[in-house]
Amino acid sequence: MTAAVQTPFQRIASDFAASKLALLGFAMLVVVIGIALFAPVVSPQNPYDLTQIDVMDSKLGPGEKSMAGQTYWLGTDDQGRDMLSGIFYGLRISLGVGVLSTILALSLGILFGLTAAWFGGRIDALIMRICDIQLSFPAILIALILLAMLGQGVDKIIIALITVQWAYYARTVRGAALVERGKEYVEAARGLGLSSSRILFRHLLPNVLPPLIVVATVQVAHAIALEATLSFLGLGLPITEPSLGLLISNGFQYLMSGKYWISFYPGLALLLTIVAINLVADQLRDVLNPRLQK
Amino acid sequence: MIPRFIRRLAIVLLASTVALATTAAHAARDISIGLQAAITSMDPHYHNLSPNNSMMLHVFEGLIKRDENQKLVPGLATSWKAIDDLTWEFKLRKNVRFHDGSPLTADDVAFTLKRVPNVPNSPSSFATFTKPIVDVKIVDPHTLVFKTATPHVLLPSDLASVMIVSKLHGEKATTEDYNAGKACIGTGPYKYVEFIPNQRVVLKANYGYWGGEEPWDKLTFKILTNAAARVAALLSGDVQMIENVPTSDIAKMEKDKNLSVVSKVSNRVIYVHLNQSTEKSPPFVFDKSGKPMDKNPFRDVRVRKALSMAVNRDAIVDRVMEKKAVPAAQLLPDIFYGTSKKLKPTRFDPEGARKLLAEAGYPNGFSMTLHGPAGRYINDDKVIQALAQFYSRIGIDTKVETFPASVYFNRATNLEFGYMLLGWGTESGEQASAMRSLLATRDPAKGMGVNNRGRYTNPAFDKLLEQALVTMDDKKREGLIQQAAEMVMGEVGLIPLHYEVSTWAAAKGFKYTARTDQYTVATSLKPSK
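Residues numbered from 1 in each chain as written. Chains lettered and ligands numbered in written order. Predicted model: local features only at pLDDT ≥ 70, side-chain atom pairs only at ≥ 80, totals over all residues. Heavy atoms only, no water.

**What to know about the overall build of chain A**
When helices and strands are tallied, chain A shows 11 helices and two strands. In sequence order, the secondary structure elements of chain A are arranged as α-α-α-β-β-α-α-α-α-α-α-α-α. If you line up chain A on its principal axes, its C-alpha atoms span 75 × 55 × 30 Å. Taking all 294 residues of chain A together, the buried fraction comes to 48%. Put simply, of all contacts in chain A between residues at least 6 apart along the chain, 70% involve residues at least 24 apart. Of the roughly 14300 Å² that chain A leaves accessible, carbon and sulfur atoms contribute 68%. Here chain A holds 20 positive side-chain charges and 18 negative ones, and the gap between their average locations is 12 Å. (Helix = DSSP H or I, 4+ residues; strand = E, 2+ residues; numbered from the N terminus. Buried < 20%, exposed > 50% of the residue type's maximum accessible area, 1.4 Å probe, protein only. Contact = heavy atoms within 4.5 Å. Areas by Shrake-Rupley, 256 points an atom, 1.4 Å probe, with all protein chains shown as cover. Lys, Arg positive; Asp, Glu negative; His and termini not counted. Charge placed at Lys NZ, Arg CZ, Asp CG, Glu CD.)

**Let's talk about the pattern of salt bridges**
Enumeration over the complete set of coordinates arrives at 31 salt bridges over all chains. Between Glu322 of chain B and Lys59 of chain A there is a salt bridge, with its nearest N and O atoms 2.6 Å apart. Of this pair, Glu322 of chain B sits in the loop between α11 (313–320) and β14 (325–327) while Lys59 of chain A sits in the loop between α3 (39–42) and β1 (64–65), each in a different chain. In this structure Lys59 of chain A comes out as buried when scored by relative accessible area, which is 11%. Taken together, the salt bridges that share partners define one network made up of Arg129, Asp132 and Arg171 of chain A. (Salt bridge = Lys/Arg side-chain N within 4 Å of Asp/Glu carboxyl O.)

**Notes on the interface of chain B and chain A**
Counting residues at the interface gives 22 residues for chain B, matched by 18 residues for chain A. Here chain B and chain A share an interface that buries about 2100 Å² over both sides, 51% of which is from carbon and sulfur atoms. For the pair chain B and chain A, the interface holds 11 residue pairs in polar contact (both at pLDDT 80 or more). Elements supplying a minimum of two residues to the side of chain B that touches chain A: α8 (227–235), α9 (247–255), α11, α13 (380–393) and β16 (397–404) of chain B. Sorting elements by how many residues they give to the side of chain B that touches chain A places α13 of chain B first, with nine residues. (Buried area = accessible area lost by both parts, 1.4 Å probe. Polar contact = N/O pair within 3.5 Å; in protein donor to acceptor, adjacent residues only side chain to side chain.)

**Brief notes about the environment of Pro215 of chain B**
All names here are of chain B. Here Pro215 is to be found in the loop between β9 (200–205) and β10 (218–223). Classification of Pro215 by relative accessible area gives buried; the value is 17%. Taking C-alpha positions, Pro215 is 8.8 Å from Ala205, a pair spaced 10 residues apart along the chain. Other than its neighbours up to four places away in sequence, Pro215 contacts Arg29, Leu525, Lys526 and Pro527.

**Looking at the pairing of strand β4 (residues 77–84) of chain B**
Residue and element names in this part refer to chain B. In this sheet, strand β5 (residues 87–92) lies alongside β4 in antiparallel orientation, the contact comprising six bridges. Among the inter-strand pairings, Ser79 is bridged to a residue of β5, identified as Lys91. Turn length for the β4-β5 hairpin, with the two strands adjacent in sequence and antiparallel, is two residues. (Pairing = 2+ DSSP bridges.)

**Re a nonpolar patch on the surface**
A contiguous nonpolar patch, built from Phe232, Leu233, Phe252, Leu255, Met256, Tyr260, Phe264, Leu268, Leu271, Leu272 and Val275 of chain A together with Leu235 of chain B and spanning about 1000 Å² of accessible area, is present on the exposed surface. Following the sequence through the fold, Phe252 of chain A ends up in helix α10 (residues 244–252). Look at Phe252 of chain A and you get partly exposed, because its relative accessible area is 38%. (Patch = residues over 30% accessible without salt bridge, like charges linked within 9 Å, V, L, I, M, F, W, Y side chains within 5 Å.)

**Observations concerning the domain arrangement of chain B**
Residue and element names in this part refer to chain B. Split into domains, chain B comes out as domain 1 (34–223) and domain 2 (266–501). Of note, the centres of domain 1 and domain 2, computed from C-alpha atoms alone, are 32 Å apart. Listed per partner, the contact involves 19 residues of domain 1 and 20 residues of domain 2. Summing both sides of the interface, domain 1 and domain 2 together bury roughly 1400 Å²; the carbon and sulfur share of this comes to 50%. (Domains from an automatic or database assignment.)

**What to know about helix α9 (residues 196–232) of chain A**
For α9 of chain A, with 37 residues, the first-to-last C-alpha span of 46 Å runs short of the 54 Å given by 1.5 Å per residue. Once α9 of chain A ends, the next one or two residues include Gly234 of chain A, with phi positive near 90 degrees. (Expected span 1.5 Å × (residues − 1).)

**Side note on the side chain of Ser392 of chain B**
Locating Ser392 of chain B in the fold gives a position in helix α13. At a separation of 2.9 Å, a polar atom in the side chain of Ser392 of chain B contacts the main-chain carbonyl oxygen of Gln389 of chain B. In this view, Ser392 of chain B contacts Leu50 and Thr51 of chain A together with Thr398 of chain B; residues no more than four positions away in its chain are not counted.

**Quick word on the sheet that holds strand β7 (residues 143–148) of chain B**
The pairing of strands in a sheet happens through backbone hydrogen bonds and is either parallel or antiparallel. All names here are of chain B. Pairing is antiparallel across the open sheet formed by four strands, whose spatial order is β4-β5-β7-β6. Of all strands in the sheet, those bounded by a partner on one side alone are β4 and β6 (133–140). For this sheet, the mean angle separating the axes of adjacent strands, direction not counted, is 20 degrees. Here helix α3 (residues 106–115) sits on the sheet and contacts β5, β6 and β7; the angle it forms with β6, its principal contact strand, is near 170 degrees. (Axes fitted to C-alpha atoms, helices over the stretch in contact; angles between N-to-C directions.)

**A closer look at the pairing of β10 of chain B**
All names here are of chain B. Relative to β10, strand β1 (residues 30–35) runs parallel, the two being bridged by six bridges. Bridge pairing links Asp30 to Lys218 in β10. Note: β9 against β10, five bridges, orientation antiparallel. Residue pairing in the sheet places Val201 in a bridge with Phe221 of β10.

**Some words on the confidence of the model for chain B**
All names here are of chain B. Chain-level pLDDT for chain B is 92 on average; 95% of the residues reach the 70-or-more range. Predicted confidence is poor over residues 20–25, with pLDDT under 50, and the contacts of this stretch with residues over four places away or in other chains come to zero contacts. Across the interfaces of the predicted complex, the ipTM metric reaches 0.81, alongside a pTM of 0.83. (pLDDT = per-residue confidence, 0-100.)

**Focus on unusual backbone geometry**
Residue and element names in this part refer to chain B. Phi at Asn121 is positive, roughly 60 degrees, even though this residue is not glycine. Residue Asn121 is classed as exposed on the basis of its relative accessible area, which comes to 70%. Phi at Glu322 takes a positive value of approximately 50 degrees, unusual for a residue other than glycine.

**A few points about the packing of helix α8 (residues 184–191) of chain A against α9 of chain A**
The axes of two packed helices give the description: the angle between them and the distance between them. Residues and elements named next belong to chain A. α9 packs onto α8 with a crossing angle of 170 degrees between their chain directions and a minimal axis gap of 11 Å. By the angle between their axes, α8 is roughly antiparallel relative to α9. Contacts between α8 and α9 involve Tyr185, Val186, Ala189 and Arg190 on the former and, on the latter, Ile199, His203, Leu204 and Asn207. For the contact of α8 with α9, the residue count by class is five nonpolar, two polar and one charged. (Parallel < 35°, antiparallel > 145°, perpendicular 65-115°, else oblique. Nonpolar A, V, L, I, M, F, W, Y, C, P; charged D, E, K, R; others polar.)

Here it is in structure tokens:
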């Protein structure tokens, strides 16, 4: 027992910083989030404003100048869209969709998972069987079917992503909550005559959060990859407002003709984003796992 | 001992080389071709669709055929002539046999004409081509006389689109029987082997073909809708020829010494129909605040003109189509019959377009969604995005929505859209039939305006066109068609954008004769040496 008493957060922060790689990932993530938040400010062009792009500037290579004299540092796509701006705005959509769908799916998962764990019996069996059925289908398949029925749009993509993700959280929450439910502090809370909802959300939930945070961080990366896949397949967002997946898909047709930049740079942006999130998630898992604590 | 051993070895080696050489020669006579679009049926009278019609030319033949420039040439008929304005006589080719060995007679032709309008559930009927014939008289087994109710100059051209089937096999046959091959028995150079929808069609040579032997024993048509997959299949040797080379790859493939790339301007015009069917705002057209308008802007010729002037056709051709297209001024390139040399592509003039919109009462523009197919025409989804750019420059708020062809065309036919990107290949190769289908006031019973999804209507134009359609004198008729074209294009009955240039690529050792009708037919593919 030393004199300096760390708060849990300080402990987590210092453990997290122990890995250089995780710090690098975190720094990359901060940059990516910054770009996504301030895309309209940092982009040279609004790639979704049709009056700002010109088909006469299409398929210019990285560093070439437009007819109006503007330099396209990463080149342009087949509609004359500045790739750099396209990537910035694409990141915005990808991250936005990824984070939002994860938060919503997480909330849904917590609700169902806690309900299942707390009440047990038939309710538990019902919810878990639904999860099992859901998890037995590949996520991409469910998302494809949903989008085919719902149509295009950011909201539709988010709905599809929530549907394919909530079951992971529900399962994780239930598992953790079942362990916690048998512990003394819950007994004590019961003994004090606290209401079910108070015990669930004030006592159980905080204690099952660490594994959830880890699952959620990994799932954000999954959600982003899934959104990109769906856009690549042409489902999801309107073609005049491309996200990263659609940019990659557009450039895919030009790969054989040597115009690599249309696919390459959005692909790189997608890769770096997902790597950054995974580095952070990996370290978080180590830090938050009580069994790995020194 | 040793010399004997060597001799034996030599014999074995020689034998195997010979065997190898023969299999190689055999393999070279079996070819595969990569197609872009699926074949929906092997019934030649079920679905009037370019990919189907192209495929049918292998198994079946019409009385009249079209060469690679769509000129009419004798097919199953050796000669035809108009006896008077309402009577035509056709002489059949003798000694033509169906694939089962039965001879072709006038009975088969009469049966075909009876079958065409009576194919159940046909998504797009061939009846337009046979409707003008009101009476068929069989003079002798090789002579037929057709009667029409009104003078019908397009009869030979119409009949070139009708494949002759065998009466013996067709009488009780359904479309399913043709798809399964039971009834798919024609007189053409190739016979049915296998039809697997969305995957492949396999045909084998008809060695007794009247037109002489074809250089190929077996044809496998593979459906490769994905352009990159099609190119990859050619480069890997999986297929010997592909159609619709993606424009982005043409330049590189033309330089490749192991490939031969051919292209030709086609009879297909890419155009825009503006939905004029409604008094008020058509679907997906609103004012700037998103409310429907009291007037349909597309009914105003100034708005239609402005929408045509706003389009930079050169930019589309140069940038989107990689120069594999020609800016369009009418419905067919001006090398075809009935086209007017006076018509030039509308000049790109965004300022003028703005002024016209203001004059028409839309100084701040309006808003609309452009609709089009994805993957039906060359670069269709890119063309429509470029169009969206042009319109947003003249103050029109523009959105883009594309659909797979199967969904899109049905919805467009139901007039569920306002601004529709479409294409039209004129099989007959003369402009009157294209105008009859796309611009004449809609009257399906008379075969007029059958595909007029814009519902454009102009009685003066209708009158000119109808007059042209009954004028038997070729020179006089062409003048009337040109006059009608100048009138309707002046009023922007539809917005012509460009003519597609179709491209084929074949492996080394093969030579394809490019066609204006975009058809991919093995009879135009020959060994190059």
